[in-house]
Amino acid sequence: MMAGAGACIRRPSWLASGTGAGALRSQRAWLPAAGRTVCASTTCTPAKRLFGHTSRLGERVVKPPKAVSADGLTGQAGTPAASHTLHKVFSDIAFAFDIDGVLYQGHRGIPGAREMLRAIHALGMRYVFLTNGGGAHEDAKVRSLARRLGMKDDEDALRGRVIVSHTPMRGWADSVKEQTVLITGSHPETARQIAIEYGFKRAVTPADLIHANDKLYPFDNLKDTLHSQSRPLPNGKSASSIEDAYSADVPPNALQIDKILVWNDPRDWSLDIQVIHDLLVSHRGYLGTVSSKNGDATLPNYGWQQDGQPELWISNLDLFWKTDYPVNRFGTGAFVEALRGVWSAVTQGAAELEFHALGKPSEYTYEYAHERLLHDYGDVGSVNAAAVQRGEGTRTRHPLRRVYMIGDNPESDIRGANGFEPADGTEWKSILVKTGVWRAGTEPSHRPDAVVDDVVDGIVWALRNEGVVDVTREALTRGA
Ligand SMILES: [Mg+2]
């Protein structure tokens, strides 16, 4: 579940040139990296193998979906012509899979998920893995997914497809990556290293701050454990040069933070809430100052966050997530709720906590996933696979007609897909599985287009919705 109600989410000015979607799409960094591949027409799984001898595939599905005829295809399966026909059938649909609770549960892969992924990859279908997990590099998430599914982490069916909650930050403008950002999460130093790999130049962690000013946090500061790794503040800045918090005369070496990035669920809520609070009440993000505008009833939001304070970005708002423990565990959304509670007390209930949210159900994240699907695996079956691996032939947008989001969380997966209406008119449909946080038999807070037992049945439902009436679970999990 997610804590989205009442969140004050605004599109930032630096993302707002043109339409929101256009602003996001204009960033080249969203284009796929070399090394991704598509299924070449001559190497894909023949129809007979996937759908059995009675399979009836053939003509491209048109609206409204109807049973697809395979007349003339059976018996030719495996030939280039037959494979090409298959690719045309599936070339304008795609899938977005949530990971936790969909492809695995705890440390156990969902039975049949591995074979299903290999099967749809062999058919050249486009898909991404869209998770609100974070705090780790995308490649690390691929490795953990591969381990749970019993696959190799360099399999094309997995490689290069993971979008974690903070992945959209890869596409942020270079000018933003030049800014000084405070970054925190479960392992702030790891988060910083990932941010640097994304291109951020000046990332500061809470550990840096308490090492730079031992008066900043008057309690056990965990310098020997969680906050043992620190770096000097960038550009010779100081966290202790300000003596009068209310003075407008800010020393030139005072640390100024431009953005606050909550990378994933923080471990040290106390320190993080303290530091985030300090920046949100500051004058223009100078640590150790207090804005004179705070509480000014003549200003929007009673003057709170109206003085050039850093934007607060939360990488996801999931209140809970599913683990091996029988009761769902708190996620980043719980931290946000705690921060919001403190903020309400500080502002005496007068002010909203203003922040931006990434991760599902955020539109930013769905736009990012949609762009990846449009570019990464386009023109299935006709693009030379080697060219795609070199990063060529993928800068063209290949239209989609329908995308199926398969998730376990009504508040994030389903809500996001139901509400997402990309500018190109692609339809996003939502499929809810019973293997994750949603408890079957209860009314989902956001109603999906379909409820299925698991991710394999989700694919079966989707393909039948496309008119492939005789596709079966057994055929998808036969092994590839
Ligand atoms: Mg999930």
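Residues numbered from 1 in each chain as written. Predicted model: local features only at pLDDT ≥ 70, side-chain atom pairs only at ≥ 80, totals over all residues.

Caption draft 1: Region of the structure containing the overall build of the chain. In terms of regular secondary structure, the chain is built from 15 helices and 15 strands. Out of the 480 residues belonging to the chain, those deemed buried represent 49%. If you take every contact in the chain between residues at least 6 apart in sequence, the share linking residues at least 24 apart comes to 69%. (Helix = DSSP H or I, 4+ residues; strand = E, 2+ residues; numbered from the N terminus. Buried ≥ 20, exposed ≤ 12 C-beta atoms within 10 Å, placed from the backbone. Contact = placed C-beta atoms within 7 Å.)

Caption draft 2: Summary view of the environment of His166. With respect to the helices and strands, the residue His166 is situated in the loop between strand S5 (162-163) and helix H6 (174-177). What makes His166 buried here is the crowd of 30 C-beta atoms within 10 Å. Sequence spacing of His166 and Gly134 is 32 residues, and the spatial spacing of their C-alpha atoms is 6.5 Å. The residues touching His166, leaving out its near neighbours within four places in the chain, are Gly134, Trp263, Ser315 and Leu358.

Caption draft 3: Structural view of helix H7 (residues 188-198). For H7, the complete set of buried residues consists of Pro188, Ala191, Arg192, Ile194 and Ala195. The buried residues of H7 occupy an angular sector of 165° when the element is viewed end-on, so they sit on one face. Residues of H7 that are buried make contact with strand S6 (180-184), strand S7 (202-204) and helix H8 (206-212). Downstream of H7 by one or two residues, Gly199 has phi in the positive range, about 115°. (Arc of directions from axis to C-beta.)

Caption draft 4: Representation of the nonpolar core. With 103 residues, the main nonpolar core has Phe97, Leu103 and Val455 as its most contacted residues. Once residues within four sequence positions are removed from consideration, Leu103 is found in contact with Phe97, Gly109, Ile110, Ala113, Leu145, Leu149 and Val455. (Core = buried A, V, L, I, M, F, W, Y, C linked by C-beta atoms within 7 Å.)

Caption draft 5: Here's a closer look at the pairing of strand S13 (residues 402-407). The element S13 is largely enclosed, with a buried count of five among its six residues. Looking at chain direction, strand S1 (residues 93-97) and S13 are connected through five bridges and run parallel. Residue pairing across strands places Ala94 opposite Val403, the latter belonging to S13. Sheet topology places S13 next to strand S14 (residues 427-433); six bridges connect them, and they run parallel. What sits directly across from Gly407, in S14, is Leu432. Traced from S13 through helix H13 (residues 410-419) to S14, the parallel crossover comes out right-handed. (Pairing = 2+ DSSP bridges. Right-handed = clockwise from strand over helix to strand, strands pointing away.)

Caption draft 6: Just unusual backbone geometry, in detail. Cis peptide bonds are those with omega within 30 degrees of zero, and the linkage from Lys360 to Pro361 qualifies with 10°. Its location among the elements puts Pro361 in the loop between strand S12 (356-357) and helix H11 (363-376). One non-glycine residue, Asn235, lies in the positive phi region at around 55°. Its location among the elements puts Asn235 in the loop between H8 and strand S8 (259-262). Given 11 C-beta atoms within 10 Å, Asn235 falls into the exposed group. Even without a glycine there, the phi angle at Arg284 is positive, about 55°.

Caption draft 7: Representation of the packing of helix H9 (residues 269-280) against helix H10 (residues 332-346). Relative to each other, H9 and H10 sit at 50°, their axes nearing to 11 Å. By the angle class used here, H9 and H10 are oblique. When you trace H9 past H10, the crossing you get is right-handed. On H10, the residues that touch Trp269, Ile273, Ile276 and His277 of H9 are Phe335, Ala338, Leu339, Val342 and Val346. Residue composition of the contact of H9 with H10, grouped by class: eight nonpolar, one polar and no charged. (Axes fitted to C-alpha atoms, helices over the stretch in contact; angles between N-to-C directions. Parallel < 35°, antiparallel > 145°, perpendicular 65-115°, else oblique. Left-handed = near helix turned anticlockwise from the far one by under 90°. Nonpolar A, V, L, I, M, F, W, Y, C, P; charged D, E, K, R; others polar.)

Caption draft 8: Up close: the packing of helix H4 (residues 113-122) against helix H14 (residues 455-465). At a closest axis distance of 9 Å, the pairing of H4 and H14 adopts a crossing angle of 35°. For the pair H4 and H14, the contacting residues are Ala113, Met116 and Ile120 in the first and Val455, Val456 and Ile459 in the second. Split into classes, the residues belonging to the contact of H4 with H14 amount to six nonpolar, no polar and no charged.

Caption draft 9: View of H14. Of all the 11 residues making up H14, eight are buried; the element is thus mostly covered by neighbouring parts of the structure. The complete set of buried residues in H14 reads Val455, Val456, Asp457, Gly458, Ile459, Val460, Ala462 and Leu463. In this structure, the buried residues of H14 make contact with S1, H4, S13, S14, strand S15 (450-452) and helix H15 (473-476). Backbone geometry just after H14 places Gly467 at a positive phi near 100°.

Caption draft 10: Molecular detail of the sheet that holds S5. Spatial ordering of the open sheet is given by S5-S4-S1-S13-S14-S15, a layout of six strands whose pairing is parallel. Two strands close off the open sheet at either side, each with one partner strand: S5 and S15. The sheet contact formed by S14 and S15 spans three bridges and is parallel. Bridge pairing links Leu432 to Val451 in S15. Along the sheet face, H13 touches S13 and S14 and points at about 160° away from the line of S14.

Caption draft 11: Focus on the sheet that holds S8. Read across the sheet, five strands follow the order S7-S6-S8-S9-S12 without closing on themselves; strand pairing throughout is parallel. Strands at the two margins of the open sheet, each flanked by one partner only, are S7 and S12. As judged from the four bridges shared by S6 and S8, these two strands associate in the parallel manner. Across the sheet, the residue bridging to Thr184 is Val262, located in S8. Contacts from H7 reach S6 and S7 within the one sheet, and its direction differs from that of S6 by about 135°.

Caption draft 12: Highlighting the pairing of S6. Most of S6 is tucked away: five of the five residues are buried. Here S6 shows no split at all, with Thr180, Leu182 and Thr184 on one side and Val181 and Ile183 on the other all buried. Taken together, the three bridges between S6 and S7 define a ladder with parallel strand orientation. From the neighbouring strand, Leu182 faces S7, where its bridge partner is Val204. The parallel pair S6 and S7, bridged by H7, forms a crossover whose chirality is right-handed.

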